[in-house]
Amino acid sequence: MTVLVTGATGSVGRHVVDRLLAENVTVRALTRDPAAARLPAQAEVCAGDLTDPASVTDALRGVDKLYLFPVPETAREIVAAARDAGVRHIVVLSSSSVLDESGDNHSGEHHRAVEEAVRASGLTWTFVRPDEFATNVLWKWGHSVRAEGVVRAPYGDAPRVLIHEKDVAAVAAAALLDDERHAGQAYVLTGPEAITQRDQVAAIAAAVGQPVAFEEITPDQAREQMGRAMPAPVVEMVLGYLADAVAHPPTPVDTVERITGRPALTFAQWAADHADAFTPQTTRTAA
């Protein structure tokens, strides 16, 4: 069996590659820059860009299953090319945000377009729908933790069911390995616990072995701060999630354990796995 992993150098894709190789699957890994991929030697690394469907045609030849990173603008073309190449099962990296059908959820509309393209293809599929990734904490807080040892954020008591990217990859790999069991399934994934932003910061401090302060700011202050790096619709989506979490705390689901046979990884484990990303450069150099 040959599996094409798109987005192979992403935070989830890398782990999908590793898991499939561990099961002796032939893995073809798609990336825009093979020279910079840093993927295992056992993987066949191919150049290609999902925003340019023609560049993916060669990589699809002889492929049985496809792990699809979500690019809605070209999803129909990529899926059609996969069908024409003989791919029989697609596992989509989607999002739990597709369950919000209000029409004004930026993430939901983004991922729903990909799911709809795959449904329309006639191929069998599995949708992997993680809730918020723990890795979001890196771009939200990484710089301020490294530079100042502080996190400034609104809604400190907002709990989130953050999921480790390794768990998303584990479920995706399981669906690729056993399409008969997982065909036609849409799996919502969460971490094993609802953990507040204050407690997330405490877990990061424990992981790096240094104090990290939490400073509460107002939603308007956060809007201005986040707007420097994020589109306005995404800023509003994130703030909305946090406000809603205070009023309606999310409940973890056990999908990861049901699919993989082990509990989902905690946020404390995620923080330990990424401690270097929060450690000041001077500390890393001294060590």
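Scroll up to find the structure this text is about.
Here goes a summary of the coordinates provided. (Residues numbered from 1 in each chain as written. Predicted model: local features only at pLDDT ≥ 70, side-chain atom pairs only at ≥ 80, totals over all residues. Heavy atoms only, no water.)

### Things to note about the layout of surface pockets
Unfilled space is identified by rolling a water-sized probe across the atoms. For the largest pocket, the calculated volume is near 1200 Å³. Residue lining of the largest pocket: 44 residues in total, with Ser-95, Ser-107, His-111, Phe-133 and Asn-136 positioned closest to the centre. With seven residues, the single largest contributor to the lining of the largest pocket is helix 10 (residues 232-247). When its volume is computed, the second largest pocket comes out at roughly 370 Å³. Taken together, 17 residues make up the lining of the second largest pocket; nearest its centre are Trp-139, Lys-140, Trp-141, Arg-152 and Gln-225. At the level of elements, helix 5 (136-148), strand 7 (150-153), helix 9 (219-226) and helix 10 are the ones that each hand at least two residues to the lining of the second largest pocket. (1 Å grid on protein atoms, 1.4 Å probe; cavity = no way out; pocket = protein on both sides within 12 Å on 5 of 7 lines; lining within 4 Å. Points joined across faces, edges and corners; volume = space filled by probe spheres on them. Helix = DSSP H or I, 4+ residues; strand = E, 2+ residues; numbered from the N terminus.)

### Some points on the pairing of strand 6 (residues 124-130)
On a regular strand, each side chain points to the face opposite its neighbour's, so the side chains alternate between the two faces of the sheet. Of all seven residues in strand 6, six are buried; the element is thus mostly enclosed. Inspection of the sheet shows strand 5 (residues 89-93) paired to strand 6 by five bridges, in the parallel sense. Paired with Val-91 across the bridge in strand 6 is Thr-126. With respect to chirality, the unit in which strand 5 leads through helix 4 (residues 106-119) into the neighbouring parallel strand 6 is right-handed. (Buried < 20%, exposed > 50% of the residue type's maximum accessible area, 1.4 Å probe, protein only. Pairing = 2+ DSSP bridges. Right-handed = clockwise from strand over helix to strand, strands pointing away.)

### Quick notes on the environment of His-111
Tracing the backbone through its elements, the reader meets His-111 in helix 4. Taking the C-alpha atoms as reference, His-111 lies 6.4 Å from Val-98; in sequence the two are 13 residues apart. Leave out the neighbours within four places in its chain, and His-111 touches Pro-70, Leu-93, Ser-94, Ser-95, Ser-97 and Val-98. Only 3.0 Å separates the side chain of His-111 from the backbone oxygen of Ser-107, close enough to count as a polar contact. (Contact = heavy atoms within 4.5 Å. Polar contact = N/O pair within 3.5 Å; in protein donor to acceptor, adjacent residues only side chain to side chain.)

### Digging into helix 4
Here helix 4 spans 20 Å end to end across 14 residues, near enough to the 20 Å set by a 1.5 Å rise per residue. When helix 4 is considered as a whole, its buried residues turn out to be Ser-107, Gly-108, His-111, Arg-112, Val-114, Glu-115, Ala-117 and Val-118. Where helix 4 is buried, its residues meet strand 4 (65-68), helix 3 (75-85), strand 5, strand 6 and helix 10. If you check the start of helix 4, you find a side-chain oxygen 3.1 Å away from the backbone N of Ser-107, and it comes from Asn-105. (Expected span 1.5 Å × (residues − 1).)

### Focus: the side chain of Ser-95
Mapped onto the elements of the fold, Ser-95 is located in the loop between strand 5 and helix 4. Separated by 2.8 Å, the side chains of Ser-95 and Ser-97 make a polar contact. In contact with Ser-95, other than residues within four places in its own chain, are Ser-107, His-111, Val-128, Arg-129 and Pro-130.

### Considerations on the nonpolar core
If you look at the biggest cluster of nonpolar residues, it comprises 33 residues, and the most contacted ones within it are Val-5, Val-16, Leu-20 and Tyr-67. Of all the elements in the fold, those that place two or more residues in this core are strand 1 (2-5), helix 1 (13-22), strand 2 (26-31), strand 5, helix 6 (165-177), strand 9 (185-189) and helix 11 (255-260). A total of eight residues in this core trace back to one element, the largest contributor, which is helix 6. With 24 residues, the next largest nonpolar core counts Leu-30, Cys-46, Leu-60 and Val-114 among its residues. (Core = buried A, V, L, I, M, F, W, Y, C linked by side-chain atoms within 4.5 Å.)

### Notes on the sheet that holds strand 4
Sheets are built from strands paired through backbone hydrogen bonds, the pairs being either parallel or antiparallel. In spatial order, the strands read 3-2-1-4-5-6-9; together these seven strands make up an open sheet with parallel pairing. Single-partner strands in this sheet number two, and they are strand 3 (44-47) and strand 9. Each adjacent strand pair in this sheet contributes to an overall mean axis angle of 20 degrees, direction not counted. As paired strands, strand 4 and strand 5 are joined by four bridges and run parallel to one another. Bridge pairing links Leu-66 to Ile-90 in strand 5. Together, strand 1, strand 2 and strand 4 form the strand contacts of helix 1, whose direction differs from that of strand 1 by roughly 165 degrees. (Axes fitted to C-alpha atoms, helices over the stretch in contact; angles between N-to-C directions.)

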